[in-house]
Amino acid sequence: MTAAARPNPLIAQRRVLVASLVGTSIEFYDFYIYATAAALVFGPLFFPAEDKAAQLLLSYASFGLAFVARPVGAAIFGHFGDRVGRKSTLVASLLLMGGSTVLIAFLPTYAQIGWGAPFILCLLRFGQGLGLGGEWGGASLLAVENAPPGWAGRFGMFPPLGAPIGFVAANGFFLILGLTLSDDQFRAWGWRLPFLASAVLVLVGLWVRLKLTETPPFAAAAKQGRLPRVPIAQLLRHDLRATLAGTFGVIACFALFYIATAFALGYGTTTLGHSRQAFLVVELLAIPFLALGVILSCTLADRHGLSAMLRLGFGGAVIVGLAMGPMLGAASLVIVWLWLSLALFVMGFAYGPLGAWLPSLFGAGVRYTGVSLAFNLGGIIGGALAPIVAQALAERGGLALVGAYLVVAALLSIGGLALVKSPVGK
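Basis of the calculations
- Residues numbered from 1 in each chain as written.
- Predicted model: local features only at pLDDT ≥ 70, side-chain atom pairs only at ≥ 80, totals over all residues.
- Heavy atoms only, no water.
- Helix = DSSP H or I, 4+ residues; strand = E, 2+ residues; numbered from the N terminus.
- Polar contact = N/O pair within 3.5 Å; in protein donor to acceptor, adjacent residues only side chain to side chain.
- Patch = residues over 30% accessible without salt bridge, like charges linked within 9 Å, V, L, I, M, F, W, Y side chains within 5 Å.
- Areas by Shrake-Rupley, 256 points an atom, 1.4 Å probe, with all protein chains shown as cover.
- Salt bridge = Lys/Arg side-chain N within 4 Å of Asp/Glu carboxyl O.
- Core = buried A, V, L, I, M, F, W, Y, C linked by side-chain atoms within 4.5 Å.
- Buried < 20%, exposed > 50% of the residue type's maximum accessible area, 1.4 Å probe, protein only.
- Phe/Tyr/Trp six-rings, centres within 6.5 Å; stacked < 30°, edge-to-face > 60°.
- Lys NZ or Arg CZ within 6 Å of the ring centre and 35° of its normal.
- Bend = angle between axes of the 7 residues up to and from the residue.
- Contact = heavy atoms within 4.5 Å.
- Expected span 1.5 Å × (residues − 1).
- Axes fitted to C-alpha atoms, helices over the stretch in contact; angles between N-to-C directions.
- Parallel < 35°, antiparallel > 145°, perpendicular 65-115°, else oblique.
- Nonpolar A, V, L, I, M, F, W, Y, C, P; charged D, E, K, R; others polar.

Enquirer: Please explain the environment of L177 as it appears in this structure.
Expert: On the secondary structure map, L177 appears in helix 9 (residues 158–180). When the C-alpha atoms of L177 and L193 are compared, they prove to be 8.8 Å apart, with 16 residues separating the residues in sequence.

Here you go:
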């Protein structure tokens, strides 16, 4: 067969790639509707406090709770993903993640049931985190373990592309609600609708995933009896260096995303005084640059190497951090948009290649556990702490200190790459 007549692997494996994309799109939709609600309404609805800044910090703390649950979910779902298989584990993680999100739509507020409201909210947030702990890693393996030689970067880009898709769906939903509902209607019941809509997305995800077969590397390892009885024990015994490299390697992308989205939205609509609708539009106009960065970096990675693209992303994060103070703090929303677009484009390089880079660090028998643990442990440092630390730093010293936090996150990720002795992804 000639090169011109040879089928495109992306088309041949369409069902697998769609399944990996749908799952992470739902993951980011669920996660970001919570982040948006935490920035806009959860403070006064669920956390009583006289100080609005204190309410916002408590709301961000509940947001960060899922990051604590994610490594636990990574260990649980990673174990079954490496013992039972990728397909069934991904179905279970999607059910737990989506079910927790939908239940938030029916949650009473603090004014209705008192302290039970924030307790149940945090419990459901923890359930979200458990499910999410097994989602991204499994979706990445689903894509990369089905990739033909030389296509790992392009196959691996599909799970990361779930971030901009989920972001647009979540932000677009909140924008429509803001344009059609009054502030009182939004606070009373409108914020619940995006959580309720997650039920439809979960059903679509299940329909796609139940049609899949097991990935070739896992099937081969199972046939040859190379599946460890306790994957996490083998991982920590033989792959600790790779786990640490992966953990530090994901910090920058988490910090970039949640500072450029959750923190920026809360800061822009409170301290800077921009309207919620205007700022949501600005963020929606910036998010295509994340998708562009993911596609460009993953395509180039198959030619120049995954680690080379990640280095570009981490170096760019340093520049984004230094530019944060004068640009995000500007009175002009055009300048704010320029900074958000730059930050999300850079994030595409710091995030997209992770879809193939993390799986390349581990053998098939511990790969689900290793990828999931590294991704979610790094998420605690770069994601859970980001809105909380950023809010506290902004109150103490302004946006320049928040930018410094981004620079530190980028340097930690550069250190993660340095832990891998040989070039990865070529």
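Let us keep going from here.
Enquirer: Help me understand the side chain of E135, please; the structure alone is not making it clear to me.
Expert: Within the secondary structure layout, E135 lies in helix 7 (residues 135–144). For E135, the side chain forms a polar contact with the side chain of R209, separated by 2.4 Å.

Enquirer: Is there a simple way to think about a nonpolar patch on the surface in this case?
Expert: A contiguous nonpolar surface patch, about 500 Å² in accessible area, is contributed by L103, F106, W189, L193 and L196. Summarising the element assignment, L103 is placed in helix 4 (residues 86–104).

Enquirer: What should I look at first to understand the nonpolar core in this one?
Expert: As a rule of thumb, nonpolar side chains are buried together in soluble globular proteins. Core analysis: the largest hydrophobic core is formed by 134 residues, its most contacted members being F42, I259, F263, W339, Y351 and L358. Per element, the largest residue contribution to this core is 21 residues, and it comes from helix 2 (residues 14–46).

Enquirer: Can you walk me through the packing of aromatic side chains in this structure?
Expert: On inspection of all chains with the given rule, the structure shows 22 aromatic pairs. Between Y32 and F167, the ring centres sit 4.8 Å apart and the planes meet at 40 degrees, which makes this aromatic pair tilted. In this pair, Y32 sits in helix 2 while F167 sits in helix 9, placing the two residues 135 residues apart along the sequence. For the pair Y32 and F167, one class covers both residues: buried. An angle of 90 degrees between the planes, with centres 5.2 Å apart, marks the rings of F42 and F46 as edge-to-face. Here F46 and F42 lie together in helix 2, a separation of four residues that amounts to about one turn. The pair formed by F42 and F46 is uniform in burial state, with each residue classed as buried. R154 extends its terminal NZ or CZ atom over the ring of W151, reaching a point 3.8 Å from the ring centre.

Enquirer: When you look at helix 2 in this model, what are you seeing that I'm missing?
Expert: Two residues of an α-helix separated by three or four positions point the same way, owing to the 3.6 residues in each turn. The largest bend in helix 2 is about 60 degrees, located at A38. For helix 2, the buried fraction is high: 29 of the 33 residues fall into the buried class.

Enquirer: I keep staring at the side chain of D82 and nothing clicks. Help me out?
Expert: Within the secondary structure layout, D82 lies in helix 3 (residues 52–83). Here the side chain of D82 touches R86 through a polar contact of 2.9 Å, side chain to side chain. A polar contact of 2.7 Å, which involves the side chain of D82, links it to the side chain of T369. If we skip the residues at most four places from it in the chain, D82 touches F218, L227, P231, A364, G365, V366, R367, Y368 and T369.

Enquirer: Help me out: how do you make sense of helix 21 (residues 367–397) in this one?
Expert: The end-to-end C-alpha distance of helix 21 is 42 Å, a good match for the 45 Å that 31 residues give at a rise of 1.5 Å each. Within helix 21, the axis deviates most sharply at A386, by approximately 55 degrees, and proline P387 lies no more than four positions further along. Looking one or two residues beyond helix 21, the residue adopting positive phi is G398, at roughly 85 degrees.

Enquirer: Quick question: what am I supposed to make of the packing of helix 9 against helix 17 (residues 288–304) here?
Expert: Between two packed helices, what matters for the description is the angle formed by their axes and the separation of those axes. Relative to each other, helix 9 and helix 17 sit at 170 degrees, their axes nearing to 9 Å. Between helix 9 and helix 17, the interaxial angle falls into the category roughly antiparallel. Mapping the contact onto sequence places P160, L161, A163 and P164 in helix 9 and L290, A291, V294 and I295 in helix 17. A breakdown of the residues in the contact of helix 9 with helix 17 according to their chemical character gives eight nonpolar, no polar and no charged.

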